[in-house]
There are 2 protein chains.
Amino acid sequence: MRTSQYFIATQKETPADAEVISHQLMLRAGLIRKLAAGLYTWLPLGLKVLRKVEQIVREEMNNSGAIEVSMPVMQPAELWQESGRWEQYGPELVRLLDRHQREFCLGPTHEEVITDLLRNEVKSYKQLPLNMYQIQTKVRDEIRPRFGIMRSREFIMKDAYSFHANQDSLAETYQAMHRAYSNIFTRLGLDFRPVIADTGSIGGSASHEFHVLANSGEDDIAFSDSSDYAANVEMAEAIAPAGERPAPGAAMSEVATPDLKTIDEVANYLNVAPAQTVKTLMVAGENEGELVALVLRGDHQLNDIKAEKLEGIANPLQMADEAAVRKVAGAGFGSLGPVGLEVPVIVDRSAAHLADFICGANKDGFHLKSVNWERDCPLSRVEDLRNVVEGDPSPDGKGKLLIKRGIEVGHIFQLGTKYSEAMNANILDENGKSITMIMGCYGIGVSRIVASAIEQNHDQHGITWPIAMAPFELVIVPLNMQKSEAVAQCALELYEAFRQAGVDVLLDDRNERPGVKFADMELIGIPHRLVIGDRALADNQVEYKGRQDADSVLLDRSEAVDNILQKLGH
Amino acid sequence: MRTSQYFIATQKETPADAEVISHQLMLRAGLIRKLAAGLYTWLPLGLKVLRKVEQIVREEMNNSGAIEVSMPVMQPAELWQESGRWEQYGPELVRLLDRHQREFCLGPTHEEVITDLLRNEVKSYKQLPLNMYQIQTKVRDEIRPRFGIMRSREFIMKDAYSFHANQDSLAETYQAMHRAYSNIFTRLGLDFRPVIADTGSIGGSASHEFHVLANSGEDDIAFSDSSDYAANVEMAEAIAPAGERPAPGAAMSEVATPDLKTIDEVANYLNVAPAQTVKTLMVAGENEGELVALVLRGDHQLNDIKAEKLEGIANPLQMADEAAVRKVAGAGFGSLGPVGLEVPVIVDRSAAHLADFICGANKDGFHLKSVNWERDCPLSRVEDLRNVVEGDPSPDGKGKLLIKRGIEVGHIFQLGTKYSEAMNANILDENGKSITMIMGCYGIGVSRIVASAIEQNHDQHGITWPIAMAPFELVIVPLNMQKSEAVAQCALELYEAFRQAGVDVLLDDRNERPGVKFADMELIGIPHRLVIGDRALADNQVEYKGRQDADSVLLDRSEAVDNILQKLGH
């Protein structure tokens, strides 16, 4: 492709309303343009990247045995009423009336449509398993669309749905999808982690999210520095510290801590580390009016999801109000502690490992020192209550945990029978008995991958695409092409040679200053650049620079093609 | 691909609600399934065909210099209000409110969005011409969706929009699109005609439709038997018969024709051909209350579009009511004629060439015989008023016209400044003067092509795809594969050999009777078939049959691959 016949729409200014770097760079490099809030047109360069991602997703899905279909965007309300989602889904679901006043929605996902299709087409376990996918425009009316295509109202998704006669078959396809996703993100050249995810309120038995690691991510991912283990911070198990709890030291004593509100203030005042204190939180119990105390180490954070799943605790989690707390503990939030408390006490594993710790005295303005479990206070129930922190041992026993931010770009999910049961998607099993099909679902945010790749791969000059996603692999920049016959001829010759060799090459034949061309091509992020100029050409040389190289190097003109082909692995 | 790992969903029964053959065959062959009225899921086989069509469209659009983009389906009402279409468009436009009660529509086309994009991005004539296209899901809320994907509510369209600084540039791109479309339909293997089309109420200066010829088409296409000339019947010029008008014979006389209502009845009664009679129609004139008489040969049909474009005639055309006619002519509809009429008379070219003709006497129950223009009745205005008929001379002077039915699958249009003017899409010209961009638009009904190809290519067994559109090029059908080691081995060997050679090959390894497999593969329409059976294999032979061959032939197993590759042109 020649830039003169293409559509290059780079911008110098950083758009004011673009908060994250990928949004800024996608606008500046001319990959997208905004049509309305959360609605973007993909310009030629952006679409080219998107198509490359699509193609890799498609190839790996096909390799995994999944079969491509294409379902409508408009879906009749009836099916959503059958599954129950018509009522459950909030205003993110775009609903509309057709000319005959019949209700439709624009699909954010297609569980109902595919379940309807397969309950009609599949009659016997012999036809299963089936895994069907599509790469398609989805619509979700985000309350606050932002970050460009990262959280837009229209987006491209690969959604797959598998159907099975038994759980083993689902587990097998689930593993195949896990492998396919790993292949996809590996081929795309992204630093990613498949992380154990919460199955949340949808139910279902197993779920992994695939995250691209990037500082701007919205999720905290905990992963081992020496194994494959990775999980959402909310999901990562915090295991008990190694070894025995130290033996008690000095006797427990009360100390006045007037006006000290926070753990840090108390620890500082008493000259101990926050890790040597505990904090006591009160939450609603399972039954109306009951309270339960949760005790964590002072430097740890409560994990709501872990807590609300525990027996005896209200789900969803509700923090107790101070009046209720004062009634049972005799003190306010800043002075609570487990000693002498007359409500059930659940202690986090790490807090339970402490000896000679500090806690509130259940008396406003006082704390207890040298408190020890069992000696001073019963330790009846120990659970995993907290978020993991960096340096925690990995739950799989291998190495320590690191925590980084991640952008969710994929999700695989053992869905079970939620939809197939509601929609009577039954088949006959080996014994001629009617059974409900078991389902899995598997999504990839295809357009979101483009943004997350940029979040992970950029520098001060622009985008630094992984080669598989780059809009072009190579750009040839002739200097002064309009005046120098030699430059023009060399540039065109090389351009043709690379085209013949199947390289996705751009010839920047615009009549612009070299600086403008260099800046544009770095902003756009083309991984390899060849500059053709009169001076080097006099010595039969051309100038090569990789997108992230500090300096350019001279190549013999005659070796340039082979050299670059080698770099590209063609 | 192996059928055992694929999704074959053929049906024996012809679905009751499928009126046209393409709809029936697409359901029976398992290419699509209905989700709701006018909404279809593309099953794997159908999607494979659709993707092949898309790919050819994309390649030829790219070859023509057009650049691919992708615009949102959801479009803000504001842009449509700017162009005026928000008011003009009827209930075919799906309108909806987002969660903030802002108005949107689902795009049936994208003139507004692309014009908005380019008025922001293009500032100078130097950036033009630009031709941008997308291949995308469109939505149109048809009042009566029918014929499957032929007239559905969601469909895939390739829409392109070109922008120019002057008319010459538009004409050039228009020609490039004409060539690209011809290449596309030629590569698809379809019998098609680019036909001169009415530019209708949209305005604009030139327009061609591309029609696939098929008996079930909704449009009548007139085309020359010896040149490229083709036009919608409404648009085809009916030229004057060759030679001079014959000289008058007998004197004009009146004849009673009691109770004879139609041309055929009168002609029959008077023992002349209908072509020797004329009929006189009364229509509203340009000014309130005026009538104009239109005179055509008895065997010809009035062409409304031609008539209403004439000076002096109300546009749109309005037929006069009988009371008004009686008032000026003194007779009712069945007895009108040009002789002595006191309203303006416009005579069709063919009617004007008659001598000694029959016409109404402007007296109920009477006709005139041996009427001659000028001798008996003035001939002041002659125009082209009628539809062409088969056998008419081609308007380009080459050959005679044939008329066949066509299905519109493409449309190219010199749009002019309708949108760019309404939306202030201005640029600076060579002299630094602000001018309005000139536009062209170019559509292809990508999904509709699939249905129209079937309308044109089918037989009693099913679809007979042109090779470029076939879901698979070749099917290998092993007989009794589950029991015969030799058959299984040969089938797998050939399957692998064809795959290696890049053939899109299907291996029908289902455990089904041969008859079922043959019928399925003929219904699906795979162009080439190899049957592997023990008997032929004993002689080292396999059985080949082309989809439309009467009989199969035996091929040496060792030559089968080369032989088929040759047939496929690989």
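- Per an unreviewed UniProt entry, chain A goes by the name Proline--tRNA ligase and belongs to Sediminihaliea albiluteola.
- The Catalytic activity (unreviewed entry) field of the UniProt record for chain A holds the comment "tRNA(Pro) + L-proline + ATP = L-prolyl-tRNA(Pro) + AMP + diphosphate".

**A word on helix H11 (residues 446–456) of chain B**
- Most of H11 of chain B is tucked away: ten of the eleven residues are buried.
- Restricting attention to buried positions, one finds in H11 of chain B the residues Val446, Ser447, Arg448, Ile449, Val450, Ala451, Ser452, Ala453, Ile454 and Glu455 of chain B.

**Some words on the relation of the copies chain B and chain A**
- Each copy of the sequence occupies a distinct position, and chain B is placed on chain A by a rotation of 180° and an axial shift of 0.0 Å, giving an RMSD of 0.1 Å. Here the transformation between the copies is reduced to the relation of a two-fold axis. Using C-alpha coordinates, one finds that chain B approaches the rotation axis most closely at leucine 96 of chain B, a distance of 2.8 Å.

**Overview of the domain arrangement of chain A**
- What the domain assignment lists for chain A is domain 1 (47–237 + 403–453), domain 2 (253–383) and domain 3 (472–568).
- Relative to domain 3 of chain A, the C-alpha centre of domain 2 of chain A lies at a distance of 66 Å.

**Re unusual backbone geometry**
- Note the cis peptide between leucine 128 of chain A and proline 129 of chain A, where omega equals 0°.
- Topologically, proline 129 of chain A is positioned in the loop between helix H5 (111–121) and strand E7 (130–139).
- In this chain, asparagine 315 of chain A is followed by proline 316 of chain A through a cis amide linkage whose omega measures 5°.
- Mapping proline 316 of chain A onto the fold places it in the loop between helix H8 (304–308) and helix H9 (322–329).
- Even without being glycine, glutamine 101 of chain B reaches a positive phi, approximately 65°.
- With respect to the helices and strands, glutamine 101 of chain B occurs in the loop between strand E5 (94–97) and strand E6 (103–106).
- Overall, the relative accessible area of 54% leaves glutamine 101 of chain B in the exposed class.

**Brief notes about the sheet that holds E6 of chain B**
Residues and elements named next belong to chain B.
- Pairing is antiparallel in the open sheet, where three strands are placed in the order E4-E6-E5. This sheet does not close on itself; its edge strands, each paired only once, are strand E4 (74–76) and E5. Each strand of the sheet is rotated relative to its neighbour by a mean of 35°, with strand direction disregarded.
- Relative to E6, E4 runs antiparallel, the two being bridged by three bridges. The residue of E6 that forms the bridge with glutamine 75 is cysteine 105.

**Quick word on the sheet that holds strand E15 (residues 291–297) of chain A**
Residue and element names in this part refer to chain A.
- Read across the sheet, four strands follow the order E14-E15-E16-E19 without closing on themselves; strand pairing throughout is mixed. Of all strands in the sheet, those with a lone pairing partner are strand E14 (278–284) and strand E19 (382–383), marking the two edges.
- Strand direction decides the pairing type here: E15 and strand E16 (residues 345–348), joined by three bridges, are parallel. The residue of E16 that forms the bridge with valine 295 is valine 347.

**Here's the deal with the interface of chain B and chain A**
- Contacts between the two partners involve 51 residues from chain B, matched on the other side by 51 residues from chain A.
- Both faces combined, the contact of chain B with chain A buries some 4200 Å², and carbon together with sulfur accounts for 65% of it.
- Area buried by chain B at its contact with chain A is led by Phe7, Leu35 and Arg99 of chain B, which between them contribute 16% of it.
- Our count for the chain B to chain A interface comes out at six salt bridges.
- When the shortest N-O distance is used, the salt bridge between arginine 51 of chain A and glutamate 68 of chain B registers 2.8 Å.
- Linking chain B with chain A are 14 residue pairs in polar contact (both at pLDDT 80 or more).
- Ranked by the residues each element gives to the side of chain B that touches chain A, the list is headed by helix H5 (residues 111–121) of chain B, at five residues.
- Residue classes in the side of chain B that touches chain A are distributed as 31 nonpolar, six polar and 14 charged.

**So, the packing of aromatic side chains**
- Within this structure, the stated rule accounts for 16 aromatic pairs over all chains.
- Ring centres 5.6 Å apart and planes at 45° place the aromatic pair phenylalanine 185 of chain B and phenylalanine 192 of chain B in the tilted group.
- Between phenylalanine 192 of chain B and phenylalanine 210 of chain B the ring centres are 6.4 Å apart and the planes differ by 25°, which places this aromatic pair in the stacked class. Linking phenylalanine 192 of chain B in strand E9 (residues 192–196) with phenylalanine 210 of chain B in strand E10 (residues 207–213), this pair joins segments that are 18 residues apart in sequence.
- Here phenylalanine 192 of chain B falls in the buried class, since its relative accessible area comes to 14%.
- Each residue in the set Tyr181, Phe185, Phe192 and Phe210 of chain A is aromatic and connected to the rest through ring pairs, giving one cluster.
- One Lys or Arg, lysine 48 of chain A, reaches over the ring of phenylalanine 472 of chain A and ends 3.9 Å from the middle of that ring.
- Sitting above the plane of the tyrosine 419 of chain A ring, lysine 418 of chain A keeps its charged end 5.2 Å from the centroid.

**Focus: the nonpolar core**
- Membership of the largest hydrophobic core comes to 218 residues, with the highest contact counts inside it found for Phe185 and Trp465 of chain A together with Phe185 and Trp465 of chain B.
- If we skip the residues at most four places from it in the chain, tryptophan 465 of chain A touches Leu31, Val49, Val450, Ala453, Ile454, Ala470, Pro471, Ile524, Gly525 and Pro527 of chain A.

**Things to note about helix H6 (residues 167–187) of chain A**
All names here are of chain A.
- Taking 1.5 Å of rise per residue, 21 residues should cover 30 Å, and H6 covers 30 Å from first to last C-alpha, within 8% of that figure.
- Ser169, Leu170, Thr173, Tyr174, Ala176, Met177, His178, Ala180, Tyr181, Ser182, Ile184 and Phe185 are the residues of H6 that are buried.
- For H6, the side-chain oxygen to backbone nitrogen distance between the N-cap and aspartate 168 is 3.2 Å, and the N-cap itself is asparagine 166.
- In the stretch just after H6, glycine 189 is the one whose phi turns positive, near 80°.

**Some details on the confidence of the model for chain A**
- On average, chain A scores 95 in pLDDT, and the residues at 70 or more come to 99%.
- Here the prediction assigns the complex a pTM of 0.89, and the interface score ipTM is 0.89.

**With respect to the environment of glycine 443 of chain A**
Residues and elements named next belong to chain A.
- If you trace the backbone, glycine 443 turns up in strand E23 (residues 438–445).
- Considering only alpha carbons, one finds glycine 443 and glutamate 209, 234 residues apart in sequence, at a separation of 9.4 Å.
- Sequence-distant contacts of glycine 443, defined by excluding residues within four places in its chain, comprise Met157, Lys158, Asp159, Tyr181, Val409, Gly410 and His411.

**Remarks on the pairing of strand E17 (residues 357–360) of chain A**
Residues and elements named next belong to chain A.
- Direction of pairing for E17 relative to strand E18 (residues 366–371): antiparallel, over a ladder of three bridges. Paired with glycine 360 across the strands is histidine 367, a residue of E18.
- From the end of E17 to the start of E18, which pair antiparallel, there are five residues, and asparagine 362 there has a positive phi angle of about 55°.

**Some details on the packing of helix H12 (residues 485–500) of chain B against helix H15 (residues 557–568) of chain B**
Residues and elements named next belong to chain B.
- The interhelical angle for the contact between H12 and H15, taken along N-to-C directions, is 30°, at an axis separation of 11 Å. When the axes of H12 and H15 are compared, the pair comes out roughly parallel. Between H12 and H15 lies a crossing of right-handed hand. Here H12 contributes Cys490, Glu493, Leu494, Ala497 and Phe498 to the contact with H15, which in turn contributes Arg557, Ala560, Val561, Ile564 and Leu565.
- Here the residues of the contact of H12 with H15 sort into eight nonpolar, no polar and two charged.

**Notes on the pattern of salt bridges**
- Summed over the entire model, instances satisfying the criterion amount to 81 salt bridges over all chains.
- Ionic pairing is found between glutamate 60 of chain A and arginine 187 of chain A, a salt bridge with its closest N-O pair at 2.8 Å. Here the residue glutamate 60 of chain A occupies a position in helix H2 (residues 44–63), and arginine 187 of chain A occupies one in helix H6, the gap between them amounting to 127 residues.
- Judged by its relative accessible area of 8%, glutamate 60 of chain A is buried.
- Look at arginine 187 of chain A and you get partly exposed, because its relative accessible area is 36%.
- A cluster of three or more residues bridged by salt bridges with shared partners is formed by Arg51 and Glu54 of chain A together with Arg58 and Glu68 of chain B.

**Comments concerning the side chain of serine 124 of chain A**
- Within the secondary structure layout, serine 124 of chain A lies in the loop between H5 and E7.
- Separated by 2.9 Å, the side chain of serine 124 of chain A and the backbone nitrogen of lysine 126 of chain A make a polar contact.

Each value, and the rule that gives it
- Residues numbered from 1 in each chain as written.
- Chains lettered and ligands numbered in written order.
- Predicted model: local features only at pLDDT ≥ 70, side-chain atom pairs only at ≥ 80, totals over all residues.
- Heavy atoms only, no water.
- UniProt positions renumbered as here; feature names shortened; annotations may be inferred.
- Buried < 20%, exposed > 50% of the residue type's maximum accessible area, 1.4 Å probe, protein only.
- Helix = DSSP H or I, 4+ residues; strand = E, 2+ residues; numbered from the N terminus.
- Least-squares fit on C-alpha atoms with pLDDT ≥ 70 in both.
- Domains from an automatic or database assignment.
- Pairing = 2+ DSSP bridges.
- Axes fitted to C-alpha atoms, helices over the stretch in contact; angles between N-to-C directions.
- Contact = heavy atoms within 4.5 Å.
- Buried area = accessible area lost by both parts, 1.4 Å probe.
- Salt bridge = Lys/Arg side-chain N within 4 Å of Asp/Glu carboxyl O.
- Polar contact = N/O pair within 3.5 Å; in protein donor to acceptor, adjacent residues only side chain to side chain.
- Nonpolar A, V, L, I, M, F, W, Y, C, P; charged D, E, K, R; others polar.
- Phe/Tyr/Trp six-rings, centres within 6.5 Å; stacked < 30°, edge-to-face > 60°.
- Lys NZ or Arg CZ within 6 Å of the ring centre and 35° of its normal.
- Core = buried A, V, L, I, M, F, W, Y, C linked by side-chain atoms within 4.5 Å.
- Expected span 1.5 Å × (residues − 1).
- pLDDT = per-residue confidence, 0-100.
- Parallel < 35°, antiparallel > 145°, perpendicular 65-115°, else oblique.
- Left-handed = near helix turned anticlockwise from the far one by under 90°.

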